[in-house]
Amino acid sequence: MKIQIQHIPSQGLALAYGNEARTFPVLKQLMDDGQCRFLEPIAVDLSVVSERDLITIDGVLATRVELACSRCLELFQMPLRHRFTLRYSREIPTDLHSGTGEPVALTAEQIGLVYFKGEEIDFQDSIQEQVVLALPFKPLCREDCQGLCPRCGADLNQGRCECGGVVIENPFAVLKNRQWPEQ
Ligand SMILES: [Zn+2]
Ligand SMILES: [Zn+2]
């Protein structure tokens, strides 16, 4: 996933990709670790604009994933769709650095910029990062998932459990009320 800077026309460039998740090392790792499963290729639509030494990529990515619900642990599938903007700038000119070799504080404008050298931008890593950002932090099979009973572990989406769901805060409390057989 690379662009030759000199091939970006003045009116901009539209690009479309459909890459298998396994071609992205971090996404492959997520799947190998069982964190999630990508059910479709990562579809990416990009519009690339070049203005002097600043390249702006507006993109939208779409795919479909299988995740484990963070409440009930059931696997479920969901579409993933995420809009993003990437900004690339030619390497910081050396005159921005102080003579001491100390890194200079970045301006607000410079934060979020990715620096590049030469005439080519490889944006595969940035796209991969956007896919990871698009994954829900606490996936839910549905908004009102009831989760598991904290006491017996039954899936409360299937109805009330046998135990009634009362959590015993102190496990020794049960001993206090216990009728011990007479010796
Ligand atoms: Zn759930
Ligand atoms: Zn229960």
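Everything numeric in this text was worked out from a predicted model, so none of it was measured.

Criteria and cut-off values
- Residues numbered from 1 in each chain as written.
- Chains lettered and ligands numbered in written order.
- Predicted model: local features only at pLDDT ≥ 70, side-chain atom pairs only at ≥ 80, totals over all residues.
- Helix = DSSP H or I, 4+ residues; strand = E, 2+ residues; numbered from the N terminus.
- Buried ≥ 20, exposed ≤ 12 C-beta atoms within 10 Å, placed from the backbone.
- Contact = placed C-beta atoms within 7 Å.
- pLDDT = per-residue confidence, 0-100.
- Arc of directions from axis to C-beta.
- Pairing = 2+ DSSP bridges.

Asks: A description of the overall build of the chain should follow, citing residues and the corresponding values.
Replies: Counting secondary structure elements, the chain contains three helices and eight strands. Reading the secondary structure of the chain in the N-to-C direction produces β-β-α-β-β-β-β-β-β-α-α. For the chain, buried positions account for 14% of its 183 residues. Taking the intrachain contacts of the chain between residues at least 6 apart in sequence as the baseline, contacts between residues at least 24 apart amount to 59%.

Asks: Requested: an account of the confidence of the model for the chain, with residues and values cited.
Replies: For the chain, per-residue confidence averages 85 on the pLDDT scale, and residues scoring 70 or more make up 79% of the total. Here helix H3 (residues 173–176) stands out as the least confident element of the chain, with mean pLDDT 57; strand S3 (residues 37–38) is the most confident, with 98.

Asks: Break down helix H2 (residues 124–134) for me, with residues and values.
Replies: Listed in full, the buried residues belonging to H2 are Ile127, Gln128, Gln130 and Val131. Burial along H2 is one-sided: seen end-on, the buried residues are contained in an arc of 160°. Within H2, the exposed residues directed more than 90 degrees away from the buried face are Val132 and Leu133.

Asks: Lay out the pairing of strand S5 (residues 54–68) with the relevant residues and their values.
Replies: As a general feature of sheets, a regular strand has side chains that alternate between the two faces. One ladder, built from two bridges, connects S3 with S5; its direction is antiparallel. Opposite arginine 37, over in S5, you have glutamate 66 as the bridge partner. Pairing geometry for strand S4 (residues 42–51) and S5, over nine bridges, is antiparallel. Counted as the bridge partner of valine 49 is threonine 56 from S5.

Asks: Quick rundown of the environment of tyrosine 17? Include the residues and the values.
Replies: Mapped onto the secondary structure, tyrosine 17 falls in strand S2 (residues 13–19). Sequence separation between tyrosine 17 and proline 41 is 24 residues, and the spatial gap between their C-alpha atoms is 9.2 Å. With residues up to four places along the chain from it excluded, the contact list for tyrosine 17 reads Met1 and Val44.

Asks: Let's hear about unusual backbone geometry: which residues, and what values?
Replies: A positive phi angle is found at arginine 52, which is not glycine, with a value near 45°. With respect to the secondary-structure elements, arginine 52 resides in the loop between S4 and S5. Positioned with a positive phi, leucine 73 is a non-glycine residue whose angle comes to about 70°. For leucine 73, the location among the structural elements is in the loop between S5 and strand S6 (75–90). For leucine 73, a count of 12 C-beta atoms within 10 Å corresponds to the exposed category.

Asks: Describe the environment of proline 136, naming the residues involved and giving the relevant values.
Replies: Here proline 136 is to be found in the loop between H2 and H3. Of the residues examined, proline 136 has 12 C-beta atoms within 10 Å and is grouped as exposed. Note: C-alpha distance between proline 136 and leucine 80 (56 residues apart in sequence) is 9.1 Å.

Asks: How would you sum up the pairing of S6? Please name residues and give values.
Replies: For S5 and S6, the ladder comprises 15 bridges, and the chain directions are antiparallel. Within the sheet, the bridge partner assigned to valine 60 lies in S6 and is arginine 83. In textbook terms, the turn of a hairpin is the stretch between consecutive antiparallel strands, and for S5 and S6 this stretch comprises six residues, one of which, leucine 73, has a positive phi near 70°. Where S6 lies against strand S7 (residues 113–116), four bridges are found, and the strand directions are parallel. Across the sheet, the residue bridging to serine 89 is tyrosine 115, located in S7.

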